[in-house]
Amino acid sequence: MSGDLTELYQQVILDHNKRPRNRGRLPTATRVAHGDNPTCGDQCSVYVRLDGDRIAEISFDGAGCAISQASASLMTTQVKGKSAAEVKGLYDAFHHIVTTGEAPAEISDLAAFAGVHTFPARIKCATLGWHAVLNALSGDAVPATTETRAD
Amino acid sequence: MPSVPDLRRDFPALHQQVNGRPLAYLDNAATTQKPRAVIDAIVGFYERDNSNVHRGLHALSMRATRAYEGARERVARFLGAADPAEVVFTRGTTESINLVARGLGAALQPGDVILATEMEHHSNLLPWQQAARRSGAELRLVPVTGADAEGGLDRAALDALLTPAVKVFAFTHGSNTLGTVNPAAELCARARAVGAVTVLDAAQTVGHGAFDVRELGADFTAFSGHKMCGPTGIGVLHGRRELLDRLEPDETGGGMVAQAGFTESRWKPAPERHEAGTPHVAGAIGLAAACDYLEAAGLEAIAAHDAALTRLAYDRLAELPGIRLLGPRGPRGGLVSFAFADVHAHDVVTLADEDGIALRGGHHCNQPLMRKLGLASTTRASFYLYNTEEEVERMVASLRRVLKFFGAA
């Protein structure tokens, strides 16, 4: 296995892929959004229960590659308790990581996805769950699709 | 067929390292590599004869016209067509089917049925959805049978569906996802018996074995040059002459008009009728060179070679833990499509690429069928005349590493 691939498939990612966190439908969800990547058929639904403007509970559901599923799983662990603005801030930081490979020291878990930047075709996999949660928070009923939003 | 090592020397792109390993190109159902003879034919045209075709009276234009019309004759001969005028050059299979779907669709009305199958590529499904929407005709689909679609088309359902209300029967000759090869001659004959026009998607079969439009008997046949050693951007709609001459043109403009007036115009007969604008002259010449190359290699031999590799791949893949193989267990086209329970196709393809092996992962433009089979995506290996048993073995070894990496074996 080359350096690039072990960078891409970090232990954190393999672990989240094999043992996804917060997986399944959330019966108490107040917001639901669905994301899909028409190019590869990856799908991700995100279920959110808001408490005021903050995420009280979150889960995800879907099918796709290890990168997309691990990223959605990790995302759910990062956004709990956050407001929409804070989630957007995290997404921006994550997007910077997966497109440049540069990871600030303070966001160590998301940094596991830095290796994605050498595989441009996989950036959309990594951002799928994030698009879905942003859609859920904006109350947007339209499914998130990686083809109509920027990465 | 010349020996595979000899053939491989004709394909410059095969001789390269990918991620430090020799390239094993197993994505031929998506597009094939090009032999030197095809590349040279295209370069030669641009270096010597480049000019616009038809209407030109200078030397280069006459040469270009001769080469372009010569390519049409060459392709017609390759297909066993009665007349070169039955060969319309298009951008590829997709444009060919859209052209015929719009033309035939214009004559459909509510109560009419367009029949297709569940194993169609999006390019032989969506144009018919559009034709149905515009005309009020109904689109019906022949189901595939078996949990892994191993049973092919449901023949009992076909019997029930093929009624005189069916005006068009569009189906694939070889499935790009399942590897199923449909009995095209028999299906065309049965459709003809109820008065339906047949449209054959032959993208996966032309250039992959003996192919004769008169033996198969489809009214229209569509295929792409790039899946048979030719360039991208050129393809063919073959049609029976009287049907092509009646079919309303999809595009209008230069080159296709018999007499143009300020407010109305009359069209030329086929093939010009369906080739508005400057055609892809170099592409047609490249496609003709591909026909020469494949005929010299021997189409029966190519089919036998592909079948042997595919058999080997199928049997070796079947030994892998947790694998699900799609399509027929017996004879099939030169591809195998498979899924693992715990490893997604895109991860498979990314890791195999690390070993220099080019596979394809995804829904293969077959989303409704994948959904029916309970799959989001599969990995596909597809073979052609220059592939080797060693490449198949390398693929299987690589897949074993992939399964181990993800803890699935």
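Here the structure is a predicted model, which means the values were calculated and not measured. (Residues numbered from 1 in each chain as written. Chains lettered and ligands numbered in written order. Predicted model: local features only at pLDDT ≥ 70, side-chain atom pairs only at ≥ 80, totals over all residues.)

K.L.:
Give a description of the overall build of chain B that names residues and reports values.
P.N.:
The number of helices and strands found in chain B is 14 helices and 19 strands. Relative to a compact globule of 409 residues, whose C-alpha radius of gyration would be 22 Å, chain B shows 22 Å and is just as compact. C-alpha extents for chain B along the principal axes are approximately 70 × 55 × 35 Å. Within chain B, residue pairs in contact and separated by at least 24 positions form 71% of the contacts whose partners lie at least 6 positions apart. (Helix = DSSP H or I, 4+ residues; strand = E, 2+ residues; numbered from the N terminus. Rg over C-alpha atoms; globule rule 2.2 N^0.38 Å. Contact = placed C-beta atoms within 7 Å.)

K.L.:
How would you summarise the sheet that holds strand E5 (residues 113-117) of chain B if you had to cite specific residues and measurements?
P.N.:
Residue and element names in this part refer to chain B. Taken together, seven strands build an open sheet; the order of strands is E4-E12-E11-E10-E9-E5-E6 and the sheet is mixed. Every other strand in the sheet has two partners, leaving strand E4 (87-90) and strand E6 (138-142) as the edge strands with one partner each. Direction aside, the axes of adjacent strands within the sheet are offset by 20 degrees on average. Relative to strand E12 (residues 235-239), strand E11 (residues 220-224) runs antiparallel, the two being bridged by five bridges. Each residue of the ladder has a partner; that of Phe-223, found in E12, is Val-236. Each of E4, strand E9 (166-172), strand E10 (197-201), E11 and E12 is contacted by helix H4 (residues 93-105), which is oriented at about 35 degrees to E12, the strand it contacts most. (Pairing = 2+ DSSP bridges. Axes fitted to C-alpha atoms, helices over the stretch in contact; angles between N-to-C directions.)

K.L.:
I'd like a description of helix H3 (residues 66-79) of chain A, backed by residues and values.
P.N.:
Note that an α-helix has 3.6 residues per turn; residues three or four places apart therefore point the same way. Residue and element names in this part refer to chain A. Given a rise of 1.5 Å per residue, 14 residues ought to cover 20 Å, and the 20 Å separating the end C-alpha atoms of H3 matches this to within 8%. Of all 14 residues in H3, 13 are buried; the element is thus mostly enclosed. In the stretch just after H3, Gly-81 is the one whose phi turns positive, near 85 degrees. (Expected span 1.5 Å × (residues − 1). Buried ≥ 20, exposed ≤ 12 C-beta atoms within 10 Å, placed from the backbone.)

K.L.:
Give me the lowdown on the environment of Ala-304 of chain B, citing residues and values where you can.
P.N.:
Mapped onto the elements, Ala-304 of chain B comes out in helix H11 (residues 299-317). C-alpha separation for the pair Ala-304 of chain B and Gly-334 of chain B, spaced 30 residues apart in sequence, amounts to 9.6 Å.

K.L.:
Account for the pairing of E6 of chain B, with residues named and values stated.
P.N.:
Residue and element names in this part refer to chain B. Taken together, the five bridges between E5 and E6 define a ladder with parallel strand orientation. Each residue of the ladder has a partner; that of Ile-114, found in E6, is Leu-139. Taken together, E5, helix H5 (residues 126-135) and E6 constitute a β-α-β crossover, and its handedness is right-handed. (Right-handed = clockwise from strand over helix to strand, strands pointing away.)

K.L.:
Go over the environment of His-226 of chain B with me, naming the residues and quoting the values.
P.N.:
Residue and element names in this part refer to chain B. Considering the arrangement of structural elements, one finds His-226 in the loop between E11 and E12. Residues His-226 and Asn-124, spaced 102 residues apart in sequence, show a C-alpha to C-alpha distance of 18 Å. Aside from chain neighbours lying at most four places away, what touches His-226 is Thr-31, Thr-32, Pro-231 and Thr-232.

K.L.:
Just give me the short version of the interface of chain B and chain A, but keep the residues and values in it.
P.N.:
Chain B puts 14 residues into the contact, and the matching count from chain A is 13 residues. It is helix H12 (residues 345-354) of chain B that provides the largest number of residues to the side of chain B that touches chain A, a total of five residues. Class assignment for the residues of the side of chain B that touches chain A results in three nonpolar, nine polar and two charged. (Nonpolar A, V, L, I, M, F, W, Y, C, P; charged D, E, K, R; others polar.)

K.L.:
Can you tell me about the sheet that holds strand E15 (residues 323-325) of chain B, naming the residues and giving the values?
P.N.:
Residues and elements named next belong to chain B. Strand order in the open sheet formed by four strands is E15-E16-E19-E18, and the pairing between neighbours is antiparallel. With one partner strand each, in any of the chains shown, E15 and strand E18 (360-362) form the two edges of the open sheet. Neighbour to neighbour, the strand axes of the sheet diverge by 30 degrees on average, direction disregarded. When E15 meets strand E16 (residues 335-340), the two strands line up antiparallel, connected through three bridges. Counted as the bridge partner of Leu-325 is Phe-338 from E16. In the packing of H11 onto the sheet, the strands contacted are E15, E16 and strand E19 (378-382), and the crossing angle to E16 comes to about 15 degrees.

K.L.:
Outline the confidence of the model for chain B, listing residues and values.
P.N.:
Scored by pLDDT, chain B comes out at a mean of 96, with 100% of its residues at no less than 70. Predicted complex metrics record ipTM = 0.84 and pTM = 0.93. (pLDDT = per-residue confidence, 0-100.)

K.L.:
How would you sum up helix H14 (residues 389-405) of chain B? Please name residues and give values.
P.N.:
The end-to-end C-alpha distance of H14 of chain B is 24 Å, a good match for the 24 Å that 17 residues give at a rise of 1.5 Å each. Looking at the buried residues of H14 of chain B, the elements they touch are strand E3 (24-25), H11, H12, strand E17 (357-358) and E19 of chain B.

K.L.:
Describe the domain arrangement of chain B, and please don't skip the residues or the numbers.
P.N.:
Residue and element names in this part refer to chain B. The domain boundaries assigned to chain B delineate domain 1 (4-28 + 299-405) and domain 2 (40-295). Contact residues are listed per partner, giving 24 residues for domain 1 and 25 residues for domain 2. Of all the elements in the fold, those that place two or more residues in the side of domain 1 that touches domain 2 are H11, E15, E16 and helix H13 (367-372). If one sorts the elements of the side of domain 1 that touches domain 2 by residue count, H11 sits on top with five residues. Residue composition of the side of domain 1 that touches domain 2, grouped by class: 12 nonpolar, six polar and six charged. (Domains from an automatic or database assignment.)

K.L.:
Could you give an account of unusual backbone geometry, naming the residues involved and the relevant values?
P.N.:
Residue and element names in this part refer to chain B. Residue Pro-271 follows Ala-270 across a cis peptide bond; omega there is 5 degrees. Its place among the elements puts Pro-271 in the loop between strand E14 (265-267) and helix H10 (281-297). Phi at Cys-229 takes a positive value of approximately 75 degrees, unusual for a residue other than glycine. Counting through the fold element by element, Cys-229 comes out in the loop between E11 and E12. Classification of Cys-229 by C-beta neighbours within 10 Å gives buried; the count is 29. The phi dihedral of His-364 falls on the positive side, at around 55 degrees, and the residue is not glycine. Within the secondary structure, His-364 sits in the loop between E18 and H13.

K.L.:
Could you give an account of the packing of helix H3 (residues 59-79) of chain B against H10 of chain B, naming the residues involved and the relevant values?
P.N.:
All names here are of chain B. Between H3 and H10, whose axes approach to 8 Å, the crossing angle comes to 40 degrees. Here H3 is positioned oblique relative to H10, judged by the angle of their axes. Between H3 and H10 the crossing geometry is left-handed. Residues Ala-64, Ala-67, Tyr-68, Gly-70, Ala-71, Arg-72, Arg-74, Val-75 and Phe-78 of H3 form the contact with H10, whose participating residues are Val-281, Ala-284, Ile-285, Leu-287, Ala-288, Cys-291 and Glu-295. Counted by class, the contact of H3 with H10 contains 12 nonpolar, one polar and three charged residues. (Parallel < 35°, antiparallel > 145°, perpendicular 65-115°, else oblique. Left-handed = near helix turned anticlockwise from the far one by under 90°.)

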